[in-house]
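Below, each chain spelled out in residue letters.
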Amino acid sequence: MDDEPRDQNNNGAPHSGATDQELSWNAAVLATAWVSPATPMSENQGWDLVGLQHMGSAQGEMYAWNRVLRWQRQLVEALTAADAPSGDDGGRGTSSRHRAAEARGAATSAMRDMLLAGITAGEQTNQIWGNGTGRDPRDDLRAFIASHGG
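Residues numbered from 1 in each chain as written. Predicted model: local features only at pLDDT ≥ 70, side-chain atom pairs only at ≥ 80, totals over all residues. Heavy atoms only, no water.

What follows covers the packing of helix 2 (residues 43-51) against helix 3 (residues 58-83). At a minimum axis separation of 9 Å, helix 2 and helix 3 run at an interaxial angle of 120°. The orientation of helix 2 relative to helix 3 falls into the category oblique. Considering how the two elements wind past one another, helix 2 and helix 3 form a crossing that is right-handed. Along the contact surface, helix 2 presents Glu 43, Gly 46, Trp 47, Leu 49 and Val 50, while helix 3 presents Glu 61, Met 62, Ala 64, Trp 65, Val 68 and Trp 71. Here the residues of the contact of helix 2 with helix 3 sort into eight nonpolar, one polar and two charged. (Axes fitted to C-alpha atoms, helices over the stretch in contact; angles between N-to-C directions. Helix = DSSP H or I, 4+ residues; strand = E, 2+ residues; numbered from the N terminus. Parallel < 35°, antiparallel > 145°, perpendicular 65-115°, else oblique. Left-handed = near helix turned anticlockwise from the far one by under 90°. Contact = heavy atoms within 4.5 Å. Nonpolar A, V, L, I, M, F, W, Y, C, P; charged D, E, K, R; others polar.)

Next comes the structure, spelled out in structure tokens:
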């Protein structure tokens, strides 16, 4: 048997060596970087994130869309609050940067969790609709990371 790393879904497919956690985290970091108080993510970016969640139905996609919008709104609110003047640094010092970093860290973790759930959902969708022969959801994460500068 060769020493090439395999995906955790045990289907024997070779992969880049990244775990599901690493793939999801890397994609989440890229997605979180899209959001700022001044510039929301585009509709296309939002739908890219919905697609990575592999909901399997239009109803599921709308649920995922609402989750992505809520995630973005919470991140924008946290970043806006981090930039607001406070007694400790007037909104421009290390405390503000620390609050912004905490907000981005929490948002990245939340998106990672959504994307990890998307791996499981993608595998289930492949089993139901593709008889196990559909595209590995990890491939979608790898393509997302490659196309968005990861």
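Anyway, onward from the coordinates.
An α-helical segment advances 3.6 residues per turn. Residues three or four places apart therefore align on the same side. Gly 46, Leu 49 and Val 50 are the residues of helix 2 that are buried. Projected down its long axis, helix 2 carries its buried residues within an arc of 105°, all on one side. Tucked inside the fold, the buried residues of helix 2 contact helix 1 (20-33), helix 3, helix 4 (94-129) and helix 5 (137-147). (Buried < 20%, exposed > 50% of the residue type's maximum accessible area, 1.4 Å probe, protein only. Arc of directions from axis to C-beta.)

Among the structural elements, Ala 38 can be located in the loop between helix 1 and helix 2. Distance from Ala 38 to Val 76, taken between C-alpha atoms, is 8.6 Å for residues 38 residues apart in sequence.

The next point concerns the nonpolar core. In terms of nonpolar packing, the biggest core is built from 30 residues, with Leu 49, Trp 71, Met 111 and Phe 144 touching the most fellow members. Counting residues per element, the ones that place at least two in this core are helix 1, helix 2, helix 3, helix 4 and helix 5. Among the elements that make up this core, the one with the highest residue count is helix 4 (eight residues). With sequence-adjacent residues up to four places away left out, Leu 49 is seen in contact with Ala 31, Trp 34, Met 41, Val 68, Trp 71, Met 111, Leu 115 and Phe 144. (Core = buried A, V, L, I, M, F, W, Y, C linked by side-chain atoms within 4.5 Å.)

This next bit is on the environment of Gly 132. Examined against the element boundaries, Gly 132 turns out to sit in the loop between helix 4 and helix 5. Residue Gly 132 is classed as partly exposed on the basis of its relative accessible area of 38%. Leaving out residues up to four positions away in the same chain, Gly 132 has contacts with Asn 126 and Gln 127.

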